[in-house]
Amino acid sequence: MTAISDISAPRTTPTDSEPKYPRSRQATGHISEIHGLRGIALALVVAFHLFGNGRVSGGIDVFLVISGFLATRSLVGRAERGRFRLVEHYGRTFARLAAPALIVLAATAVLMVAFIPQTLWTQTTREIVAAATYTLNWELIANQLSYGAAGPSSTPVQHFWSLAVQGQFFLLWPLVVVGLAFVLRVVTRGRIGLARALFVLTAAAFAVSFLYAIKVSGADQAAAYFNSVTRFWEIGAGALTALALRRLSLPEKIRTYAAWTGLALVVTCGFVMDGADHFPGPLALWPVAGALLVMAGSTPSPRGPRRLLETRPLRFVADISYELYLWHWPLLIAWLYYTGGEHLTLASAAGVLVVSTVLAWATNRLVTRPIQTYVIRPGGPPALVAALAALAVAVGAGWSGLAAIKYSEDRAIEAAARLATADPYTTECLGAAAMAAASTGRSCRNPDLRGELIPAVAAIGADDDNRSECWSFEERPVRFSACPNGAIEGYEKRLLMVGDSHAVAPVGALDLIGDQRNWRIDVASRAACHWNARPLGRNIADNRPACAEWNRQLEEYLRAPEQRNLDAIIVTHSARKTTQPLGEETPYESTVNGLVEAWSHRPSTKIPVIALVDNPMFEPDNAAYLRTTLGCIQQHSPETAGEACGRPRTDVLVKDPHRDAVARDPNAHLVDMTHLFCEDRICPAVIGNVIVYRDGNHITSRYARTLAPYLSRELARIVD
């Protein structure tokens, strides 16, 4: 995957001012083990991605070491001989890198249109452009993506982050070497050798990068993983080794042991730890040290690993390593989107491996080798011009694609907006009205809705009526707040709704209800938290202190004299969230008991508690929903997507603790609107031309608004 070939470096003559130390064999000779090491590292990367659910094996760290080693050895040797031409070097390097990469990126754009939900097209296209310009790692950091398993949270070009780090190194390192050589000639007039000065400079940069990696990894592991500065120490380790081996070498008798030990470290790393959780922190020394030991322990002795590393299968993998790395990941992600699965099966992983290998071989034979023969070998400016021209075409195509996507999205959003504000009290068959009609056996037709999908898929992420004043999220210290909805002044009734994010999803509906009935409905919510006397369960234990503080402030708010005039308290929360059991309780029983105890603290038992049964939940996280349900909706018409993309009731309905809690409070009432979400067998993804869920477990504000007439009737039955 490195752009600089492992070729034998011509012998160099030390400057007169440098001590005449004997050169080590690795200083000038071909290190045969490197090519095989590259093959093993690549095989591990692909194997763990495909068969290990994206587990990070340390292979990329080995590649970074090899890049630093080969680039530094080549650059210093040519600079010392006075044969270094910056333009020619950049042309050779980036022409070799760009050709296969741009072909894979073009194919990825096709896969994106074919398999990936439209909501991800803009971000994926931005990442394709960033990948082409070797800035993807910074794009990923800016968008707070993490290098997790090869699953729904991954993007099809995410693996280009490592190429971005290497590309930035290949761009800047020649300037460092050339600049340092120039300074040494001018200032020291050759009294200090380039290799010696570069070693000191690299050692200092290595130390700074390593310490910075430790610091950033402790604060933000995802950002540290992609950061070029935190990664430099791995590249720097290879560079330092290349410089050190010019003067030093391991004793022949221990080289065999060093090489085998290094190979064992490289191979075992991924089986012992998942580097995604630890690299590039100190634990990355495991694969880094392994790669360095293999190179430093290079020996022709038959007892060493050279014969193994020169076997035909490893040579084949190493020959196509760059292309195989490029192809395997987008094919893997596209297959997951196509199947809607969380992980690859053994058969599908093998299939992706075979297809990736064939494409990698074809790309190597039909693209890489001809580029090497007809563009790179002749040398000179044409290679750089060709690379820059290809890059310009790719970036231009990327930005044109972004413009086309935005135009398409804007048209869809504009079309949906015409009906998004329709009055749910008077618009027939819109959203929940269609389900209500079906539940009574009536047919429901509204020609104005035909072919319309609300909200537009491209705008699903923005479909949220929540306001910051209703919501306590990540602020510190915790701040309880309640926002008014409906009739703010001169209202006839005042209600309070409390809960987690499921309590703010229907804020738009509460606004409509309040306006229609002249009620004021305040909303107070906290992320992943609800009104309960028990601490949160293990699955959200990190939120316990903040939730406990929010509950304390909520009860303090309820003790205020003006809250005695409340006409009702509405409660709801995600049925998946439970509390910490006491004694022999189950988590469910603990949640029920905590609800009943919390309700007993309301200003007066005369104030009714209205428990709203939680909505069905399609997916545990947003990425999975985008990949499965929303991707399915895009493939069907608004009239057929509901059933085609729906889920069985038994899969999406969660036992709600409010049911049992209500039975234990004399003035608690249950409002169950499941019949407006689910039919007898399935819960549709689209109802009455309205997408029901925006992220797998929160309903869209558009669908919530269509619930207003039915929720209003249920609340009035209790409050009036």
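Keep in mind it's a predicted model, so treat the numbers as computed, not measured.

**Student:** Before we move on, could you go through the pattern of salt bridges and cite the residues and values that matter?
**Tutor:** Across all of its chains, the model carries 24 salt bridges by this definition. In this structure, the salt-bridge partner of arginine 702 is aspartate 465, at a minimum N-O distance of 3.4 Å. Taken together, the residues span a long stretch of sequence, with arginine 702 in helix α27 (residues 701-706) and aspartate 465 in the loop between α18 (432-439) and β1 (471-472) at a distance of 237 residues. Of the two residues examined, arginine 702 and aspartate 465, each falls in the buried class. Here aspartate 522 and arginine 494 are joined by a salt bridge, their closest N and O atoms 3.5 Å apart. With aspartate 522 in strand β3 (residues 519-526) and arginine 494 in strand β2 (residues 493-499), this residue pair connects regions lying 28 residues apart in the sequence.

**Student:** Quick one: what's the story with the packing of aromatic side chains, residue by residue and with numbers?
**Tutor:** Overall, the coordinates contain 19 aromatic pairs when judged by the stated rule. Judged by centre distance (5.9 Å) and plane angle (25 degrees), the ring pair of tryptophan 471 and phenylalanine 473 falls under stacked. Arranged with centres 4.5 Å apart and planes meeting at 35 degrees, the rings of phenylalanine 618 and tyrosine 693 form a pair that is tilted. Of this pair, phenylalanine 618 sits in the loop between β5 (609-612) and α23 (622-634) while tyrosine 693 sits in the loop between β10 (690-691) and α27, and the two are 75 residues apart along the sequence. The burial state of phenylalanine 618 is the same as that of tyrosine 693; both residues are buried. In this structure an aromatic cluster arises from ring pairing among Phe169, Phe170, Trp173 and Phe232.

**Student:** Any chance you could break down the state of the cysteines for me, citing the residues and the numbers?
**Tutor:** Under the definition given, this model contains five disulfides. Put simply, cysteine 429 and cysteine 444 are joined by a disulfide, and their sulfur atoms are 2.0 Å apart. Across the S-S bond linking cysteine 429 and cysteine 444, the dihedral sits near -115 degrees, which makes this disulfide left-handed. A residue pair is termed long-range when its members are at least 10 positions apart, and cysteine 429 in the loop between α17 (381-420) and α18 and cysteine 444 in the loop between α18 and β1 qualify at 15 residues. Taking the relative accessible area as the measure of exposure, cysteine 444 reaches 30% and is therefore partly exposed.

**Student:** Account for the side chain of serine 712, with residues named and values stated.
**Tutor:** Among the structural elements, serine 712 can be located in helix α28 (residues 708-719). Serine 712 sits in the buried class, given a relative accessible area of 1%. When residues no more than four places from it in sequence are discounted, the contact partners of serine 712 are Tyr425, Ile513, Gln516 and Arg517.

**Student:** For the pairing of β3, give the residues involved together with the corresponding values.
**Tutor:** Moving residue by residue along a regular strand, the side chains alternate between the two faces of the sheet. Of all eight residues that make up β3, seven are buried, and the element is covered over most of its length. As paired strands, β1 and β3 are joined by two bridges and run parallel to one another. Across the sheet, the residue bridging to serine 472 is arginine 526, located in β3. By the bridge criterion, seven bridges tie β2 to β3 in an arrangement that is parallel. Across the sheet, residue valine 498 finds its bridge partner in β3, namely alanine 524.

**Student:** Tell me about the packing of helix α2 (residues 33-51) against helix α15 (residues 321-339), and name the residues and values.
**Tutor:** Packing of α2 against α15 brings their axes to within 10 Å, and their N-to-C directions diverge by 5 degrees. Relative to α15, α2 is oriented roughly parallel. In contact with Arg38, Leu42, Val45, Val46, His49 and Leu50 of α2, α15 contributes Ser321, Leu324, Tyr325, His328, Trp329 and Leu332. Per-class residue counts for the contact of α2 with α15 are eight nonpolar, three polar and one charged.

Calculation rules
- Per chain, the residues get numbers from 1 upward, laid out in the order the sequence is written.
- At least 70 in pLDDT is required for a residue's local features to be given in this predicted model, at least 80 for side-chain atom pairs to be given and counted, and no such filter applies to totals for whole chains, interfaces and linings, which use all residues.
- Each side-chain value is derived from all of the structure's non-hydrogen atoms; neither hydrogens nor water enter the calculation.
- By definition, a salt bridge exists where a carboxyl oxygen of Asp or Glu is found within 4 Å of a side-chain nitrogen of Lys or Arg.
- Runs of E in the DSSP output that reach at least two residues are strands. Runs of H or I that reach at least four are helices, and both are numbered from the N terminus.
- We call a residue buried when its accessible area falls under 20% of the maximum for its residue type, exposed when it is over 50%, and partly exposed in between, using a 1.4 Å probe and counting protein chains only.
- To pair, rings of Phe, Tyr and Trp, with the six-membered ring standing in for Trp, must have centres within 6.5 Å; the planes then decide the type, stacked if under 30 degrees apart, edge-to-face if over 60, and tilted in the middle.
- Note on terminology: disulfide denotes any pair of cysteine sulfur atoms within 2.5 Å.
- Contact between two residues is taken to exist if any of their heavy atoms lie within 4.5 Å; hydrogens are not considered.
- Criterion used throughout: strands pair if DSSP finds at least two bridges between them.
- Throughout, an axis means a line fitted to C-alpha atoms (over the contacting stretch in the case of helices), and angles, computed between N-to-C directions, take values from 0 to 180 degrees.
- Roughly parallel refers to an angle under 35 degrees, roughly antiparallel to one over 145, roughly perpendicular to one between 65 and 115, and oblique to any angle outside these ranges.
- Amino acids outside the nonpolar list (Ala, Val, Leu, Ile, Met, Phe, Trp, Tyr, Cys, Pro) and the charged list (Asp, Glu, Lys, Arg) are all regarded as polar, and Gly is one of them.

Note that all results are geometric; they support no functional claim without further evidence.
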